[in-house]
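Below, each chain spelled out in residue letters.
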Amino acid sequence: YSSRGTFEAHHEDATSTACERHANMEDHMSYLVDIDAIESIDVWGPTVQARVLMGENASLAVVELGPGADVPGHRHAHEQLGICLQGSITFTVGGETRALGPGGTWRIPSDVPHDAVAGPDGAVVIDIFSPVRSDWSGLPRSARGERRWP
């Protein structure tokens, strides 16, 4: 019988596995990246573009919406949290509609229907999704244009 308890042995094994996973990630991507270095993708056509940082369990997206850009009604298994940084956006989430400006936030539980329309000056928002939006990896890359933020 080892002098180590079961918890310590399990914790050490889990930590070793996590360290190995992170060591393998270091070969592919830095832990520290400027958002400007990330390529944009066309999420809903060229008027809704996102730069996405993928983690193991969540995705962070800086989404730039052109004036009046429409994100049609949809739902997904991912929980979504967001904040408006610039401009304005009108969200409808689960039947509740509200216009949001800088500092306005949203919380969209898994599988709740939602849509959005950018205001007349467009919008820049940050969205966080969990689990990772792996379905976005196949979306087309955006033509490099003028970015609204930063």
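Residues numbered from 1 in each chain as written. Predicted model: local features only at pLDDT ≥ 70, side-chain atom pairs only at ≥ 80, totals over all residues. Heavy atoms only, no water.

Asker: Would you mind going over a nonpolar patch on the surface with me for this structure?
Answerer: A surface patch of nonpolar side chains, about 420 Å² in accessible area, is lined by Met 29, Val 33, Leu 53, Leu 60, Leu 81 and Ile 128. As for its position among the elements, Val 33 is in the loop between helix H1 (6–26) and strand E1 (40–42). With a relative accessible area of 39%, Val 33 lands in the partly exposed category. (Patch = residues over 30% accessible without salt bridge, like charges linked within 9 Å, V, L, I, M, F, W, Y side chains within 5 Å. Areas by Shrake-Rupley, 256 points an atom, 1.4 Å probe, with all protein chains shown as cover. Salt bridge = Lys/Arg side-chain N within 4 Å of Asp/Glu carboxyl O. Helix = DSSP H or I, 4+ residues; strand = E, 2+ residues; numbered from the N terminus. Buried < 20%, exposed > 50% of the residue type's maximum accessible area, 1.4 Å probe, protein only.)

Asker: Is there a simple way to explain unusual backbone geometry in this structure?
Answerer: Most of the time, phi is negative for any residue but glycine, and the peptide bond is trans. Look at the link from Ser 130 to Pro 131: it is a cis peptide, with omega at 0°. By secondary structure assignment, the location of Pro 131 is in the segment after strand E8 (114–130). At the junction of Trp 149 and Pro 150, the peptide bond is cis and its omega measures out at -20° in the coordinates. By the element assignment, Pro 150 lies in the segment after E8. Its identity is not glycine, yet Asp 111 carries a phi of approximately 65°, on the positive side. In this fold, Asp 111 is placed in the loop between strand E7 (105–108) and E8. Owing to a relative accessible area of 42%, Asp 111 belongs among the partly exposed residues under this scheme.

Asker: What should I look at first to understand the pairing of strand E5 (residues 79–93) in this one?
Answerer: Each regular strand shows side chains that alternate between the opposite faces of the sheet. The pairing of E5 with E8 spans 13 bridges and is classified as antiparallel. Its bridge partner being in E8, Leu 81 is matched across the sheet by Ile 128. As judged from the four bridges shared by E5 and E7, these two strands associate in the antiparallel manner. Note that in E7 the partner of Ile 83 across the bridge is Thr 105. Hairpin connection, E5 to strand E6 (residues 96–100): the antiparallel pair is bridged by two residues, and Gly 94 has positive phi, about 55°. (Pairing = 2+ DSSP bridges.)

Asker: Would you mind showing me how to read the nonpolar core here?
Answerer: Buried together is how nonpolar side chains tend to be arranged in soluble globular proteins. Core analysis: the largest hydrophobic core is formed by 23 residues, its most contacted members being Ala 50, Leu 65, Ile 89, Phe 91, Trp 106, Val 125 and Trp 136. Those elements giving two or more residues to this core turn out to be strand E2 (48–54), strand E3 (59–65), E5, E7 and E8. Residue contributions to this core peak at five residues, all from E8. Excluding residues within four positions of it along the chain, Trp 106 makes contact with Gln 80, Leu 81, Gly 82, Ile 83, Cys 84, Ile 89, Phe 91, Leu 100, Val 125, Ile 126 and Asp 127. Counting five residues, the second-largest nonpolar core is a separate cluster that includes Ile 38, Val 62, Val 124 and Ile 126. (Core = buried A, V, L, I, M, F, W, Y, C linked by side-chain atoms within 4.5 Å. Contact = heavy atoms within 4.5 Å.)

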